[in-house]
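Okay, here's what each chain looks like letter by letter:
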Amino acid sequence: MSAPITRGNLQPTKAHGSLLSRGRILVAGFGVVLGLVVAEIGLRFAVNPSDLRVGGVGGARWVAHPFLPFAGRPGAEIALHVKQVDARVLAKNNAYGFRAHEFPEEKHPEDFFIICLGGSTTWGAAAASNAETWPEILERLLQQRYPHRNVKAFNFGTDFANSVYSIVTLSLVGVYVRPDLVIVYHGWNDIAPAKASSYRTDYSHHFADFDPAATPRGLQVNLPGGIRTLYTALLVTFVIDDWMGVNDIATYVIEDRGGRSWSPDTAAARVLENLRTIHSIARGHGAQVIFSTFQFFDGAFPFNDQYRDFFEGNGFLYVDQDRLIADGDPALQFDIGHFTKKGREAMAQNFFDYIVAQNLLGER
Amino acid sequence: MRHSRLSARFALVIFGFILAFVVTEVAVRLLIFDSGYYTSYEPADAGRWTAHPFLPFAGQPSADLTLFTAGKVEHIRTNAYGFRAHEFPTTKGPQDYFVLCFGGSTTYGYRTASNAETWPERLEQMLAARYPERNVRVFNMGMDLGTTATSLVNLMTVGVHLHPDLVIVYHGFNDLSSLGYRNHRTDYSHYYADLPSEVWRGLQASVPQWMLASRAVHDLTGALDMWMGVNDLSRTVMRPRDDDPDRMKGIETVLRNLRTMHDVARGAGAEIVFSTFQFTSGDEPLYATFNQTLRDFFEKNGYRWVDQARLIPDYDSSVNVDECHFTQKGRDLMAAGFYNYIAAQNLLSER
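Residues numbered from 1 in each chain as written. Chains lettered and ligands numbered in written order. Predicted model: local features only at pLDDT ≥ 70, side-chain atom pairs only at ≥ 80, totals over all residues. Heavy atoms only, no water.

A. Here's a closer look at the overall build of chain B. Counting its regular elements, chain B contains 13 helices and nine strands. When burial is assessed residue by residue, chain B has 54% of its 351 residues classed as buried. In chain B, once contacts between residues fewer than 6 apart in sequence are set aside, the share between residues at least 24 apart is 74%. For chain B, the distance from the average site of its 33 positive side-chain charges to the average site of its 39 negative ones is 4 Å. (Helix = DSSP H or I, 4+ residues; strand = E, 2+ residues; numbered from the N terminus. Buried < 20%, exposed > 50% of the residue type's maximum accessible area, 1.4 Å probe, protein only. Contact = heavy atoms within 4.5 Å. Lys, Arg positive; Asp, Glu negative; His and termini not counted. Charge placed at Lys NZ, Arg CZ, Asp CG, Glu CD.)

Here it is in structure tokens:
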């Protein structure tokens with residue numbers, strides 16, 4: 001016969017179970033908090049917070065622009081992680097959203113201003129800082145060679161920018177810098193629009209406007225201000241946002257409509273018209289222009305021969321980066337078009353050698 | 001008992017509502033003769049304008065629109081690039097003479113019955129009559145709210161690819177309104193915003209089509225849309241003013257854009273003719289200063305230009321319908337002003 005169930009019989013068991021579960025929860029909670037504190041302390045000792053910040057398209061990196069499909073966010077400091085080379089990149093934008101020095105309001109006789117137009121290779125994919133992009137490496141080379149001049153190279157390179165994008169930035173922004181020299185390095189980003197069967201000269205078949213309101217902003221940028229001061233929260237959201245591709249502007253602004261119907265001559269001719277326009281703008285504003293062939297890792301850029309014929313046929317200045325930089329060298333390029341530090345130095349060196357040989361600074 | 005009284009009241013309300021609606025419908029049909037007046041025709045995405053990556057907005061390609069503006073019918077046909085112009089040719093023969101006309105709504109043809117009555121196409125008719133041995137084609141690249149910035153981009157990204165022989169630039173009113181911003185930027189991002197890919201089209205476009213068979217519904221929703229400014233492109237793509245004490249702040253940007261247009265046109269092998277801007281009240285100090293700045297600039301740089309501001313009379317309601325837009329007589333005067341200059345300078349024979 002079992003003992004009668006009384007309040008006294010039940011209490012110890014209930015109390016025991018309750019104590020156990022509360023204790024477990026407390027221990028687990030304490031462990032989590034301790035783990036977070038240790039992780040937080042460890043992260044604070046080990047990493048720079050800028051390495052953990054997401055420069056997402058909707059977060060900090062890009063803005064809409066009435067005359068461009070997208071533009072760099074003015075005055076932003078952007079930390080990125082370039083997966084292919086596991087590189088940390090810190091980009092500082094000027095007031096116009098370019099990864100460049102602030103634009104000067106005045107120009108003095110000793111100033112020599114250079115504008116470098118291009119895509120992500122010029123912007124400096126995997127370049128740890130602005131100073132390590134090829135335009136700023138070139139600036140230092142020239143400054144050393146011409147110490148009596150104040151040489152400033154302004155990086156107008158933008159991810160996914162092509163010849164049409166650069167026409168617009170040069171005409172609406174660049175000419176106001178009063179450049180002495182414009183350097184143009186375009187190639188990869190013109191191939192897809194130029195060979196599209198839906199081709200339109202204004203590239204509206206290729207780009208769409210960036211709409212921040214319709215773009216996912218990622219997790220990190222939505223963290224409440226207090227939590228965003230925690231390195232662990234930054235780390236977790238950084239990893240998730242990176243995995244989700246929040247940084248990929250191409251997803252939102254590049255349209256690929258229809259097929260490819262083209263010959264290399266036709267497609268190249270479409271781009272060359274734009275290069276001629278860049279030349280007209282720059283020369284009309286008193287600047288020299290240097291063009292370039294485009295250096296592909298596998299040497300297979302389809303327009304380089306047409307570029308050379310065009311530059312020579314029109315008497316345009318150009319540097320044959322495609323011939324000067326070795327193909328297939330992973331020490332120079334980490335993918336089909338982007339450069340390692342050594343590659344960026346080679347780019348800058350080749351432009352430098354040409355500028356010196358042509359005496360472009362001495363002439364002015 | 002109470003239930004039936006409620007039903008009766010409800011029926012009475014319904015009857016009253018229907019009666020009011022019928023009376024309104026009859027009144028509208030009797031009193032408002034112009035069925036098109038309250039047609040809500042210009043919501044930003046309703047067929048007329050479209051988003052564009054390198055412009056704040058662009059004309060809807062290949063649109064065929066009939067608008068009713070202040071009681072007048074306006075028929076607009078746009079080409080594949082969204083301009084109120086002939087289709088762009090893909091080839092150019094030796095007899096071809098291509099003219100591109102850049103400007104704002106005065107060039108586009110505000111309240112102009114058809115494409116053929118815009119001043120660019122009137123100019124084409126005059127030139128074709130004068131030079132029958134040439135195939136003169138004048139392409140209207142004007143767009144509502146267009147400035148030197150939109151025209152510069154259109155010239156660079158579309159115009160030069162047409163291999164023009166002559167570029168004509170007629171800008172003033174919209175550029176003047178872009179000046180005097182405290183936050184002026186050379187890329188006009190202080191002035192324009194992108195046309196959103198999706199815009200609320202207003203009440204009239206939102207009600208079911210069958211309801212618009214009622215003139216009362218049609219005109220009421222149209223009037224409300226107009227009152228709310230749903231039709232106004234400028235409310236969608238222009239930023240609010242941030243006034244600077246210097247009303248001409250930024251004028252150097254306008255001049256720089258004109259210079260760049262000159263360089264691009266000349267680089268592409270075309271002549272370029274600029275113009276002063278015809279304001280109805282041209283003696284207003286701001287307008288007079290603007291035009292004098294243009295004259296000085298054209299003269300100093302040795303550019304070709306036509307002084308439309310002096311050639312077309314001020315304060316003449318047979319010429320202008322408002323501060324800047326033209327009547328048909330005004331558009332004919334514009335075309336004649338450019339035609340006389342082209343003929344006098346022998347621009348067609350030179351080529």
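Back to the write-up after that little detour.
B. Looking closely at the packing of aromatic side chains. According to the stated counting rule, one finds 48 aromatic pairs over all chains in the structure shown. Summarising the aromatic geometry, the rings of F70(A) and F207(A) are spaced 6.3 Å apart at their centres and angled 65° between planes, so their arrangement reads as edge-to-face. Highlighted residues: F70(A) in strand β2 (residues 68–72) and F207(A) in the loop between α6 (188–194) and α7 (231–244), separated in sequence by 137 residues. Comparing F70(A) with F207(A) shows no difference in burial state: the two are buried. Measuring from ring centre to ring centre gives 5.9 Å for Y181(B) and Y191(B), while their planes differ by 85°; the resulting arrangement is edge-to-face. One end of the pair, Y181(B), is in the loop between α6 (173–178) and α7 (203–206); the other, Y191(B), is in the loop between α6 and α7, with ten residues separating them in the sequence. In this structure Y191(B) comes out as buried when scored by relative accessible area, which is 1%. One aromatic cluster in this structure is built from W119(B), Y170(B), F173(B), F277(B), F279(B), Y287(B), F290(B), F326(B) and F338(B). (Phe/Tyr/Trp six-rings, centres within 6.5 Å; stacked < 30°, edge-to-face > 60°.)

C. Inspection of the nonpolar core at higher detail. Counting 170 residues, the largest nonpolar core has I183(A), L275(A), I290(A) and I168(B) as its most contacted members. Top contributing element to this core by residue count: helix α9 (residues 264–284) of chain A, with eight residues. Residues contacting I183(A), with those up to four places away along its chain left out, are I114(A), I115(A), C116(A), L117(A), W134(A), L138(A), I290(A), F351(A) and I355(A). Membership of the second largest hydrophobic core comes to eleven residues, among which are A76(A), I78(A), V89(A) and A126(A). (Core = buried A, V, L, I, M, F, W, Y, C linked by side-chain atoms within 4.5 Å.)

D. Expanded view of the interface of chain B and chain A. Tallying the contact residues gives 35 residues for chain B and 37 residues for chain A. When chain B packs against chain A, close to 3,100 Å² is buried across both sides, 59% of that on carbon and sulfur atoms. Ranking the residues of chain B by area buried against chain A places P53(B), F54(B) and R256(B) at the top, with a combined share of 23%. Counting the contacts that link chain B with chain A gives zero salt bridges. The interface formed by chain B and chain A holds 14 residue pairs in polar contact (both at pLDDT 80 or more) in total. Among the secondary structure elements, those contributing two or more residues to the side of chain B that touches chain A are β1 (49–52), β2 (55–59), α5 (148–157) and α10 (251–267) of chain B. Looking at which element gives the most residues to the side of chain B that touches chain A, the answer is α10(B), with eight residues. Looking at side-chain class alone, the side of chain B that touches chain A contains 17 nonpolar, twelve polar and six charged residues. (Buried area = accessible area lost by both parts, 1.4 Å probe. Salt bridge = Lys/Arg side-chain N within 4 Å of Asp/Glu carboxyl O. Polar contact = N/O pair within 3.5 Å; in protein donor to acceptor, adjacent residues only side chain to side chain. Nonpolar A, V, L, I, M, F, W, Y, C, P; charged D, E, K, R; others polar.)

E. Region of the structure containing the packing of helix α5 (residues 163–172) of chain A against α5(B). Remark: α5(A) packs on α5(B), axes separated minimally by 10 Å, with the N-to-C direction vectors making an angle of 145°. As α5(A) packs across α5(B), the resulting crossing turns out to be right-handed. Each of V164(A), I167(A), V168(A), S171(A) and L172(A) in α5(A) lies in contact with α5(B), whose residues at this interface are A149(B), L152(B), V153(B), M156(B) and T157(B). Its residues assigned to classes, the contact of α5(A) with α5(B) shows eight nonpolar, two polar and no charged. (Axes fitted to C-alpha atoms, helices over the stretch in contact; angles between N-to-C directions. Left-handed = near helix turned anticlockwise from the far one by under 90°.)

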